[in-house]
Amino acid sequence: MARTSEIEKAAEVLRAGGLVALPTETVYGLGANAEDADAVARIFHVKGRPPSHPLIVHIGSAEQLDSWVEEVPETARLLADRFWPGPLTLVLRRGSRVPLEATGGLETVAVRVPDHPVALELLAAFGGGVTAPSANRFGSVSPTTADHVRAELGDGVDFVLDGGPCEVGLESTIVDVTAEVPSILRPGGVTREDLEAALGRPLAVPSASPVRVPGQHPSHYAPRARVVLVDPGEVVAQAESAQESGQRVGVFLPAAFADTSVKAHAVVIVPASLDAYARGLFGFLRELDERGCDLIVASLPVEQGLGLAIANRLRRAAGPRSTV
Ligand code: TXA
Ligand code: MG
């Protein structure tokens, strides 16, 4: 776990316009001073991310929200009070403090308070907002350990704060609160059920939304290996037939089949609990890449609770690859 001297050093790096990889409860972020347009531009360069794709501004407490946005609607206040610090990102109208570089030119801004002691200490020591996308190359799997960050970004990042493995393991839920009926733009660590219980009404969940931001892109969160999704009962048969045809197959074996032996190159037994599955998901994809798999055969969990976000990431991992 990062020590006070490291937090101070990281805050210094941010003040000087550098990039700091920071742990959050969801995934590691690649952070810069949100108000420094040049530092923000470096994030896009290091990630290889198109500049039109907006970033999330991380702040130290819900009380700071007002200074980053034009106005805070009642729903936003309610959700922030209930879920911050935590894996929830709110999209609001941009305040003048936020440079357009950070929002990809949008007049809205995404904001959250991360629930990780190291991130919160860094935000307190730095004093400002830290804009941070996930600390991976554009399109690839988000990092859930400091080692993943180093492997992925190397010298591109000036300082890496190690806060241990991420507790949640997949990104925050993004909720657009600019419209009358709030909608989920990206399912994540806070479940739709919990949000609806807090609001006392249903949320809009855009299904096949057009590609406008990276988290929405069909081939986001993709490992090197090709990913195919099949019914849970078909995983073993499909994996074995692909393996027999000469491919190196990695298998996400559903928990219900944990005792089944599979003739494949590598097998990951999917944890029975959704919490553990979410926590492990990106690490499993990385592991199967490292073990040289050409193909990953997996199935979708039931899309309730965290299962919605897990299924979203698996679909995108299996989505059509493109260079956009
Ligand atoms: O858990 C997380 O959210 C992690 C940690 C580091 O906080 N961050 C993260 O950032 O996942 P990133 O850049 O990989 O994804 C942020 C997503 C964008 O892909 C985009 O979909 C959405 O946030 N976003 C940001 N600003 C937006 C805006 N103004 N309107 C709509 N969506 C926005
Ligand atoms: Mg990302």
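Residues numbered from 1 in each chain as written. Chains lettered and ligands numbered in written order. Predicted model: local features only at pLDDT ≥ 70, side-chain atom pairs only at ≥ 80, totals over all residues. Heavy atoms only, no water.

Trainee: Looking at this structure, how should I read the sheet that holds strand β13 (residues 295-298)?
Mentor: Consider a sheet: its strands pair through backbone hydrogen bonds, and that pairing is either parallel or antiparallel. The sheet built from 4 strands is open, its strands ordered β10-β13-β11-β12 with parallel pairing. Since the sheet does not close on itself, it has two edges, and those belong to β10 (226-229) and β12 (266-269), each with one partner. Neighbour-to-neighbour, the strand axes of this sheet turn through a mean angle of 20°, independent of strand direction. By the bridge criterion, 3 bridges tie strand β11 (residues 249-253) to β13 in an arrangement that is parallel. Directly across from V251, in β13, lies its bridge partner V297. Across the sheet, helix α9 (residues 274-290) is in contact with β11, β12 and β13; its angle to β11 comes to roughly 170°. (Pairing = 2+ DSSP bridges. Helix = DSSP H or I, 4+ residues; strand = E, 2+ residues; numbered from the N terminus. Axes fitted to C-alpha atoms, helices over the stretch in contact; angles between N-to-C directions. Contact = heavy atoms within 4.5 Å.)

Trainee: Sorry, what's going on with the nonpolar core here?
Mentor: The tendency in soluble globular proteins is for nonpolar side chains to be buried side by side. Residues L79, W84, L88, L90 and L195 are the most contacted members of the largest nonpolar core, which totals 46 residues. Those elements giving two or more residues to this core turn out to be β2 (29-33), α2 (37-47), α3 (74-83), β4 (88-93), β5 (108-112), α6 (146-153) and α7 (192-199). The contacts of W84, once residues within four sequence positions are left out, are I59, A62, L65, L79, L90, V111, R112 and V113. (Core = buried A, V, L, I, M, F, W, Y, C linked by side-chain atoms within 4.5 Å. Buried < 20%, exposed > 50% of the residue type's maximum accessible area, 1.4 Å probe, protein only.)

Trainee: It is not clear to me how the pattern of salt bridges should be interpreted in this structure. Could you clarify?
Mentor: In a structure, side chains of opposite charge can pair up when their charged atoms sit close to one another. With the rule as written, the count across this model stands at 14 salt bridges. Here E25 makes a salt bridge to R112, at a shortest N to O gap of 2.8 Å. Highlighted residues: E25 in the loop between β1 (20-22) and β2 and R112 in strand β5, separated in sequence by 87 residues. On the basis of relative accessible area, R112 is assigned to the buried category, the value being 2%. A salt bridge links E287 to R291; its shortest N-O distance comes to 3.3 Å. (Salt bridge = Lys/Arg side-chain N within 4 Å of Asp/Glu carboxyl O.)

Trainee: What exactly am I supposed to notice about the sheet that holds strand β6 (residues 130-131) here?
Mentor: Pairing within the open sheet is mixed, and its 9 strands lie in the order β7-β1-β2-β6-β3-β5-β4-β8-β9. Two strands close off the open sheet at either side, each with one partner strand: β7 (159-160) and β9 (183-186). As judged from the 3 bridges shared by β1 and β2, these two strands associate in the antiparallel manner. By the bridge assignment, V20 is partnered in β2 with G31.

Trainee: Is there a simple way to explain the domain arrangement of the chain in this structure?
Mentor: Many structure descriptions define interface size as the accessible area lost when the parts assemble. When its domains are assigned, the chain resolves into domain 1 (4-199) and domain 2 (226-317). Of note, the centres of domain 1 and domain 2, computed from C-alpha atoms alone, are 29 Å apart. Across the boundary between the two partners, domain 1 contributes 21 residues, which contact 15 residues of domain 2. Together, the buried faces of domain 1 and domain 2 total about 1400 Å²; carbon and sulfur atoms form 59% of this surface. When the buried area of domain 1 at its contact with domain 2 is split by residue, V141, L170 and P187 rank highest and sum to 38% of it. Our count for the contact surface shared by domain 1 and domain 2 stands at 2 salt bridges. One salt bridge in this structure joins E171 and R313, with 2.9 Å as the shortest N-O distance. Taken together, the connections running from domain 1 to domain 2 amount to 7 residue pairs in polar contact (both at pLDDT 80 or more). Of all the elements in the fold, those that place two or more residues in the side of domain 1 that touches domain 2 are α6 and α7. Looking at the side of domain 1 that touches domain 2, its residues break down into 7 nonpolar, 8 polar and 6 charged. (Domains from an automatic or database assignment. Buried area = accessible area lost by both parts, 1.4 Å probe. Polar contact = N/O pair within 3.5 Å; in protein donor to acceptor, adjacent residues only side chain to side chain. Nonpolar A, V, L, I, M, F, W, Y, C, P; charged D, E, K, R; others polar.)

Trainee: What's the story with the site of ligand 1 in this structure? I'm lost.
Mentor: In the vicinity of ligand 1, 26 residues are found, and the nearest of them are T26, R49, H58, S172 and R186. Within the side chain of T108, an N or O atom sits 3.0 Å from a nitrogen atom of ligand 1. For ligand 1, an oxygen atom lies 3.0 Å from a polar atom in the side chain of R112. Secondary structure elements with two or more residues in the shell around ligand 1: β3 (56-58), β5 and β9. The biggest single contributor to the shell around ligand 1 is β5, with 4 residues. Tallied by class, the residues present in the shell around ligand 1 amount to 14 nonpolar, 7 polar and 5 charged. (Near = heavy atom within 4 Å.)

Trainee: Hey, could you run me through the packing of α3 against α7 in this one?
Mentor: A packed helix pair is summarised by two numbers, namely the angle formed by the two axes and the spacing between the axes. The geometry of α3 relative to α7 is characterised by a closest axis approach of 10 Å and an angle of 120° between their N-to-C directions. Considering their axes alone, α3 and α7 lie oblique with respect to each other. The hand of the α3/α7 crossing is right-handed. Judged by residue contacts, T75, L78, L79, R82 and F83 of α3 engage D194, L195, A198 and L199 from α7. Residue composition of the contact of α3 with α7, by class: 6 nonpolar, 1 polar and 2 charged. (Parallel < 35°, antiparallel > 145°, perpendicular 65-115°, else oblique. Left-handed = near helix turned anticlockwise from the far one by under 90°.)

Trainee: Please clarify how α3 should be interpreted in this entry.
Mentor: Since there are 3.6 residues in each turn of an α-helix, residues three or four apart along the chain are aligned in direction. Among the residues making up α3, those that are buried are T75, A76, L79, A80 and F83. Summarising the axial view, the buried residues of α3 lie within an arc of 125°, below the 170-degree limit, and thus occupy one face. For α3, the exposed residues lying more than 90 degrees away from the buried face are E74 and D81. As for α3, its buried residues are in contact with β4, β8 (173-176) and α7. (Arc of directions from axis to C-beta.)

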